[in-house]
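# Fold and geometry: a report
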Amino acid sequence: MEHLAFQVPRFAPQPNAPSSERGALYLSGSFLLHCRVPMPPHALAPSLHPQARRVWCLFDFANSAFPTVVLSAFGGPYFARVLIGREGLRLGGWRLEGTAAWGLALALSMLLVTLSASWTGKLADRGPYRRLLLALYVVLCVGATAGLAFLQPGAAMSAFVLLVLANFAFEGAYVVYNAFLVDLAPAEEWGRLSGRGWAFGYVGGLLALVLAFPLAPKDYDASTGRWLFLIVALWYLVFALPAFFVLPERNAASAAPAESLWTSLRRALARREILLFLAAYFLYNDAVVTVIQFTGVFTKEVLAFTPRDNILLFIVLNVVAIPGSLAFGRWLDRFGGARTIVWTLALWVVVCIAAALTPNKAWFWGVALLAAWVIGATQASSRALMAQLAPEGRSGEYMGLLAISGKASSVLGPALYGILAQALADPLHPDRGHRVSIASISLFFVVSMFLMRALSKGEGRAA
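Only a predicted model underlies this, so the values are computations on that prediction, with no experimental measurement involved.

Cut-off values and rules
Per chain, the residues get numbers from 1 upward, laid out in the order the sequence is written. Given that this is a predicted model, residues contribute local features only at a pLDDT of at least 70 and side-chain atom pairs are listed and counted only at 80 or more, while totals for whole chains, interfaces and linings are drawn from all residues. Here the side-chain values reflect all heavy atoms present in the structure, with hydrogen atoms and water set aside. Secondary structure elements follow DSSP: runs of H or I of four or more residues count as helices, runs of E of two or more count as strands, with numbering from the N terminus. In this description, contact between two residues means that some pair of their heavy atoms is separated by no more than 4.5 Å. Surface accessibility in these figures is a Shrake-Rupley result with a 1.4 Å probe; residues are shielded only by whichever protein chains are displayed. One less than the number of residues in a helix, times 1.5 Å, gives the span that helix is expected to have. When accessible area is computed with a 1.4 Å probe and restricted to protein chains, residues below 20% of their type maximum are described as buried, those above 50% as exposed, and intermediate ones as partly exposed. The score called pLDDT rates the predictor's confidence residue by residue, from a low of 0 to a high of 100. Note on geometry: axes are C-alpha line fits, over the in-contact stretch for helices, and angles between N-to-C directions span 0 to 180 degrees. If an angle is under 35 degrees, it is roughly parallel; if it is over 145, roughly antiparallel; if it lies from 65 to 115, roughly perpendicular; otherwise it is oblique. When the near helix sits turned anticlockwise from the far one by under a right angle, the crossing is termed left-handed; a clockwise turn instead gives a right-handed crossing. When residues are grouped by polarity, Ala, Val, Leu, Ile, Met, Phe, Trp, Tyr, Cys and Pro land in nonpolar, Asp, Glu, Lys and Arg in charged, and all others, Gly among them, in polar. In protein, a polar contact requires one atom able to donate a hydrogen and another able to accept it; more generally it is a pair of N or O atoms within 3.5 Å, and residues adjacent in sequence count only if both atoms are side-chain atoms.

Below, the discussion takes up the overall build of the protein. Tallying secondary structure elements over the protein gives 17 helices and four strands in all. In the protein, once contacts between residues fewer than 6 apart in sequence are set aside, the share between residues at least 24 apart is 83%. Carbon and sulfur atoms make up 67% of the accessible area of the protein, which totals about 17300 Å².

Structure below.
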């Protein structure tokens, strides 16, 4: 399941179009871009076998270990402290310290995802290659993740390349994985099946964290922690295997020409409210992703969290995120998506500033719980607002544009955090760069708030 750190619900295309006009699916990450174009009737018969649905959901369970353990709770500090180490990463004439290398690797991998997602989605929709393509991405992610387990401390360049490949392949697998949804259920059941997959992924992420907790080393400087990467790789491979054999293929003859992504984008951006919202989402989603991906690094460098401290932190945050999403859901129904987003962005500013000023672990736990409380609300409100703004019959298409904006934005924040952390590093005050970096992320939320205020009045569905 696609994780930022705690589970975020997946966008699913809305069943507004009749079944004869479902159209082709183009994908970015775990989100669906629904291009509403006619498809021949023989291409619309979905595989409704319950086993295929269960296997589709199981894949969410399978890949959840990667974002929760590798990208959030453990991988970042281990990558920076052990694999990059004191010598740093040398790229040409540049020397990058651990945090900067982590940020650059994530940014580069997301750039590759953004550039390749449309091509991957088209290939998945054009013939009987989906299972093979899914398997290739999974094997690449599994192999790269397992490779991290066998690196010796200080193997900076190898670690950098493997992390880029692992994250790129993880996201690429989602592009293919989501292409199966249209063939597993009729349009009116896409949302329910998507939500079921999200639930499986949530459970998988929590169980992976629980499994990792007793196996985590006492300190990130202990290279024995590398075996967690191997466990994550095996978890992903074992539970993903059924998908390679059970999920249905699509006949190449059934694929219809799809509307260009750029055509959809130009039409959407011609509307001022969509332009403002996508610009705001680009910024605040980037900020949320950055906060989550660097939490483990921040807690290690600023508060001396151990691996077990961080894993326990993310276990608790996953649990707290559930009632937070439900609570803000009531606000969302009453006040609308734009106003709710403005409120959550204000709370994110508080989170960033309070984290930058945190004096001890107890203080930070309070800050982290507040972040967990609002993360689900931020994402759910974004989905609801786009549904309100989308023209009738094009909700799924506009959800996909929102997703692409989110994926593209995930390049800037991690790179900025890493650069600032290194530029402001001070041997006498090693936490200073991280405090300034997390505080600077609040500017993304502030600018987003100003953009969203223009939408907070007169919310409603476009005709």
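That was the structure; now back to the text.
Across its 20 residues, helix H5 (residues 130-149) extends 29 Å between first and last C-alpha, which sits within 8% of the 28 Å expected from 1.5 Å per residue. With 14 of its 20 residues buried, H5 lies for the most part within the structure.

Structurally, the position occupied by Leu 451 is in helix H17 (residues 432-453). In the structure, Leu 451 is positioned 176 residues away from Leu 275 in sequence and 9.8 Å away in space, judged by C-alpha atoms. Other than its neighbours up to four places away in sequence, Leu 451 contacts Leu 276, Ala 279, Ala 280 and Leu 283.

Further remarks concern the confidence of the model for the protein. The share of residues in the protein with pLDDT of 70 or more is 73%, and the mean pLDDT across the chain is 78. When pLDDT is averaged over each helix and strand of the protein, the minimum, 32, is found for strand E1 (residues 24-28) and the maximum, 95, for helix H8 (residues 227-240). Ignoring residues within four places in sequence, the model shows residues 253-257, a span with pLDDT below 50, making 14 contacts including any to other chains.

For the rest of this paragraph, the subject is the packing of helix H2 (residues 65-73) against helix H6 (residues 156-179). It is at 12 Å that the axes of H2 and H6 come closest, and there the two elements cross at 155°. In this view, H2 runs roughly antiparallel relative to H6, as classed from their interaxial angle. The element H2 and its partner H6 pack so that their crossing is left-handed. Within the contact between the two elements, H2 uses Phe 66, Pro 67 and Leu 71 and H6 uses Ala 166, Asn 167 and Phe 170. Of the residues in the contact of H2 with H6, the class split is five nonpolar, one polar and no charged.

Look at H6: 36 Å from first C-alpha to last across 24 residues, which is about the 34 Å you get at 1.5 Å a residue. Burial within H6 is extensive, with 20 of its 24 residues counted as buried.

Among the structural elements, Arg 130 can be located in helix H5. Arg 130 sits in the buried class, given a relative accessible area of 0%. Within polar-contact distance, the side chain of Arg 130 engages the backbone oxygen of Pro 248 at 2.9 Å.

In a packed pair of helices, the relevant descriptors are the angle between the two axes and the axis-to-axis distance. For the pair helix H3 (residues 75-84) and H6, interaxial distance at closest approach is 9 Å and the crossing angle is 150°. Overall, the two elements H3 and H6 adopt an arrangement that is roughly antiparallel. As H3 packs across H6, the resulting crossing turns out to be right-handed. Side by side, H3 and H6 meet where Phe 79, Leu 83 and Ile 84 of the first sit next to Ala 156, Ala 159, Phe 160 and Leu 163 of the second. Of the residues that constitute the contact of H3 with H6, the class distribution is seven nonpolar, no polar and no charged.

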